[in-house]
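# Fold and contact review
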Amino acid sequence: MYEEEFPIRLAKLRTKKGVSARDMSLSIGQNPGYINNIETGKALPSMSSFFFICEYLNISPQEFFDNDSDYPEKLRTVLENLKRLNSKQFENISSIIEDLSHTKK
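Our subject in this report is the structure included herewith. (Residues numbered from 1 in each chain as written. Predicted model: local features only at pLDDT ≥ 70, side-chain atom pairs only at ≥ 80, totals over all residues. Heavy atoms only, no water.)

## So, the layout of surface pockets
Cut-off, in case you're wondering: With a 1 Å grid spanning the protein atoms alone, the term cavity applies to any set of points in which a 1.4 Å probe fits but cannot get out, the term pocket to an open set with protein on both sides within 12 Å along at least five of seven lines, and the term lining residue to any residue with an atom within 4 Å of a point. Grid points are joined across faces, edges and corners, and a volume is the space filled by probe spheres set on the points. Helical segments are the DSSP runs of H or I of at least four residues, strand segments are the runs of E of at least two, and each set is numbered from the N terminus.
Of the pockets and cavities examined, the largest pocket occupies roughly 190 Å³. In terms of lining residues, the largest pocket is bounded by Leu-13, Lys-16, Lys-17, Leu-57, Ile-59, Asp-70, Tyr-71, Pro-72, Glu-73 and Lys-74. Every element with two or more residues in the lining of the largest pocket is listed here: helix H1 (2-17) and helix H6 (72-82).

Spelled out as structure tokens, the structure:
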């Protein structure tokens, strides 16, 4: 299951970061084709390499596997900011989010 989803998720997150597979490979200290090999299903990273990948993407391993979130780094920032709101502010934001999530696209 993860062997099929992992490459897709990595490619999606890397693309959203706006970096090439080659540049990402080199940035995490690997050969130029390393990320491409993972994204094409030819290889899976070791645990230590996976942690370097997450660090490079500025996300946690948990966020990597959260397929419901296309923007895990932004989501984490929003959640951190929500924790700082008082009760009234939180209720207002919550109502806005609820309204937006019911808006038809």
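## Brief notes about the nonpolar core
To keep things clear, this is the line we draw: For this analysis, a nonpolar core means a set of buried residues of the types Ala, Val, Leu, Ile, Met, Phe, Trp, Tyr and Cys, connected via side-chain atoms within 4.5 Å. Note on classification: 1.4 Å probe, protein chains only; a residue is buried when its accessible area is under 20% of the maximum for its type, exposed when over 50%, partly exposed between these limits. Contacts are residue-level and defined by heavy atoms, with any inter-residue pair within 4.5 Å sufficient.
Formed by 16 residues in total, the largest nonpolar core has its most connected members in Leu-10, Met-24, Ile-35, Ile-38, Ile-53, Leu-57 and Phe-64. Those elements that place two or more of their residues in this core are H1, helix H2 (21-27), helix H3 (34-39) and helix H4 (47-57). No other element matches H4, which puts four residues into this core. Discounting residues that sit within four places of it in the chain, Ile-38 has contacts with Phe-6, Pro-7, Leu-10, Ala-43, Pro-45 and Ile-53.

## Quick look at the packing of aromatic side chains
Test applied: Pairing of aromatic rings covers Phe, Tyr and Trp, the last through its six-membered ring, and needs centres within 6.5 Å; plane angles under 30 degrees mean stacked, over 60 mean edge-to-face, and all others mean tilted. Charge-over-ring contacts are defined here by two conditions on Lys NZ or Arg CZ: a distance within 6 Å of the ring centre and an angle within 35 degrees of the ring normal.
Summed over all chains, the structure comprises seven aromatic pairs. Geometrically, the ring pair formed by Phe-64 and Phe-65 is edge-to-face, given 5.2 Å between the ring centres and 75 degrees between the ring planes. Within the aromatic cluster, the residues linked to one another by ring pairs are Phe-6, Phe-50, Phe-51, Phe-64 and Phe-65. The ring of Tyr-56 has Lys-17 sitting right over it, with the charged end atom 5.2 Å from the ring centre.

## Quick word on the pattern of salt bridges
Put simply, the rule reads: Within this document, salt bridges are pairs made up of a side-chain nitrogen of Lys or Arg and a carboxyl oxygen of Asp or Glu, the two lying within 4 Å of each other.
A complete count under the given rule lists three salt bridges for this structure. With a closest N to O distance of 2.8 Å, Asp-70 and Lys-12 form a salt bridge. Residue Asp-70 is located in the loop between helix H5 (61-64) and H6, and its partner Lys-12 is located in helix H1; the two are separated by 58 residues in the primary sequence. Overall, Asp-70 belongs to the partly exposed group, its relative accessible area being 30%. Close ionic contact of Arg-14 with Glu-39 constitutes a salt bridge, the shortest N to O distance being 2.7 Å.

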